[in-house]
Amino acid sequence: MNKAELIDSIAQKSGLTKEQAGKALNGFVESVQEALQRNDSVVLVGFGTFSVKERAARTGRNPKTLEEIQIPASRAAGFKAGKALKDALN
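By the naming in an unreviewed UniProt entry, the protein is HU family DNA-binding protein, taken from Moraxella nasicaprae. According to UniProt, the comment filed for the protein under the heading Sequence similarities (unreviewed entry) is "Belongs to the bacterial histone-like protein family." The UniProt entry for the protein carries this comment under Function (unreviewed entry): "Histone-like DNA-binding protein which is capable of wrapping DNA to stabilize it, and thus to prevent its denaturation under extreme environmental conditions."

Have a look at this one:
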């Protein structure tokens, strides 16, 4: 499902127009992004938790030249599914 299909689904299930559903989805995405930038987590009980994962610096290898390279430390977004979501999939 891509973003347009998700907006259509939200509009159909919520009774919102496609424009309103698009604005709601964009607002949700922006809110989650801002929270993660502040190093906060976003918990949606039953659905899951968005959080920031710290990745340590490490040594990697260029697969083409086999030369060792240093990969700097970084932060990445993570998602852990909640129990209700896991149960819905199984």
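Participant: Explain helix H2 (residues 18-37) to me, please; I cannot follow it from the model alone.
Facilitator: Since the α-helix packs 3.6 residues into each turn, any two residues three or four apart lie on the same face. If you check H2, its first and last C-alpha atoms are 28 Å apart, about what 20 residues at 1.5 Å a residue would give, namely 28 Å. Taken as a whole, H2 has its buried residues at Ala21, Gly22, Leu25, Val32, Ala35 and Leu36. Along the axis of H2, the buried residues cluster in a sector spanning 165°; they form a single face. Seen from the buried face of H2, the exposed residues on the opposite side, beyond 90 degrees, are Glu19, Lys23 and Gln37. Where H2 is buried, its residues contact helix H1 (3-14), strand S1 (42-44), strand S2 (48-55) and strand S5 (74-81).

Participant: Honestly, the pattern of salt bridges in this entry has me stumped. Any pointers?
Facilitator: It is possible for side chains bearing opposite charge to pair when their charged atoms get close. In the structure shown here, the tally under the stated rule is six salt bridges. As a salt-bridge pair, Arg75 and Glu54 come within 3.8 Å of each other at their nearest N and O atoms. Residue Arg75 is found in strand S5, and its partner Glu54 is found in strand S2; the two are separated by 21 residues along the sequence.

Thresholds, definitions, all that
Residues numbered from 1 in each chain as written. Predicted model: local features only at pLDDT ≥ 70, side-chain atom pairs only at ≥ 80, totals over all residues. Heavy atoms only, no water. UniProt positions renumbered as here; feature names shortened; annotations may be inferred. Helix = DSSP H or I, 4+ residues; strand = E, 2+ residues; numbered from the N terminus. Expected span 1.5 Å × (residues − 1). Buried < 20%, exposed > 50% of the residue type's maximum accessible area, 1.4 Å probe, protein only. Arc of directions from axis to C-beta. Contact = heavy atoms within 4.5 Å. Salt bridge = Lys/Arg side-chain N within 4 Å of Asp/Glu carboxyl O.

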